[in-house]
Amino acid sequence: MVEWTFPRHPRSVGRARVQLLRQAYEWRVPDESTEVALLLLSELATNACRHADAPRDRHILVTCAVLDDSTLRVEVSDADPRLPVPRRADPDDESGRGLELVAALATAWGAHPRGPGRIGKTVWFELKA
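The rules behind each value
- Residues numbered from 1 in each chain as written.
- Predicted model: local features only at pLDDT ≥ 70, side-chain atom pairs only at ≥ 80, totals over all residues.
- Heavy atoms only, no water.
- Core = buried A, V, L, I, M, F, W, Y, C linked by side-chain atoms within 4.5 Å.
- Buried < 20%, exposed > 50% of the residue type's maximum accessible area, 1.4 Å probe, protein only.
- Helix = DSSP H or I, 4+ residues; strand = E, 2+ residues; numbered from the N terminus.
- Contact = heavy atoms within 4.5 Å.
- Polar contact = N/O pair within 3.5 Å; in protein donor to acceptor, adjacent residues only side chain to side chain.
- Phe/Tyr/Trp six-rings, centres within 6.5 Å; stacked < 30°, edge-to-face > 60°.
- Lys NZ or Arg CZ within 6 Å of the ring centre and 35° of its normal.
- Axes fitted to C-alpha atoms, helices over the stretch in contact; angles between N-to-C directions.
- Parallel < 35°, antiparallel > 145°, perpendicular 65-115°, else oblique.
- Left-handed = near helix turned anticlockwise from the far one by under 90°.
- Nonpolar A, V, L, I, M, F, W, Y, C, P; charged D, E, K, R; others polar.

As a further point, take the nonpolar core. Counting 26 residues, the largest nonpolar core has Leu 20, Leu 41, Leu 44, Val 62, Cys 64, Val 74 and Phe 125 as its most contacted members. Of all the secondary structure elements, the ones that give two or more residues to this core are strand E1 (2–7), helix H1 (11–27), helix H2 (31–51), strand E2 (59–66), strand E3 (71–78), helix H3 (98–105) and strand E5 (121–128). No other element matches H2, which puts eight residues into this core. Beyond its immediate sequence surroundings of up to four residues, Leu 41 is in contact with Ala 16, Arg 17, Leu 20, Val 62, Val 74, Val 76 and Phe 125.

Below is the structure:
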């Protein structure tokens, strides 16, 4: 398992993608799974940077692991305790499809409050590698 901490800033999304790309290469995750993981990480990290109701000085935490059954798990944690609620975007909406995309492409996904002594939530997805 690896984890990285980033400031809640739009540039952090690209930086998180670079870290995941490097780690996936090191773990020999297949290219197709890596591409999907990068897209889904972008969605979750963008949500954490853009929509988290938390002070700007709070960071986001990205955690990645390959589980025993060759499943890639990626988690994004932020300081906002509100769990995400998927919504149906209208055809003319310019945003609002991120969680639909995660639900459609991930093997599994979900969200939960962070553990004892930690504020906020974790949103995660898994992909068969």
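A separate point is the environment of Arg 82. Locating Arg 82 in the fold gives a position in the loop between E3 and H3. Arg 82 sits 29 residues away from Ala 111 along the chain, and the two C-alpha atoms are 9.7 Å apart. A distance of 2.6 Å separates polar atoms of two side chains, one belonging to Arg 82 and the other to Asp 80.

One pass over the structure, following the stated rule, counts zero aromatic pairs. For the cation-ring pair, Arg 73 lies above Trp 124, with the distance from its terminal atom to the ring centre recorded as 4.2 Å.

Moving on, we come to the packing of H1 against H2. Packed helices, taken two at a time, are described by the angle between their axes plus the distance between the axes. In contact at an axis separation of 9 Å, H1 and H2 are set at 150° when each is read in the N-to-C sense. Our classification of the angle between H1 and H2 gives roughly antiparallel. Along this stretch, H1 crosses H2, giving a crossing that reads as right-handed. For the pair H1 and H2, the contacting residues are Ser 12, Val 13, Ala 16, Arg 17, Leu 20, Leu 21 and Ala 24 in the first and Thr 34, Ala 37, Leu 38, Leu 39, Leu 41, Ser 42, Ala 45, Thr 46 and Cys 49 in the second. Of the residues in the contact of H1 with H2, the class split is 11 nonpolar, four polar and one charged.

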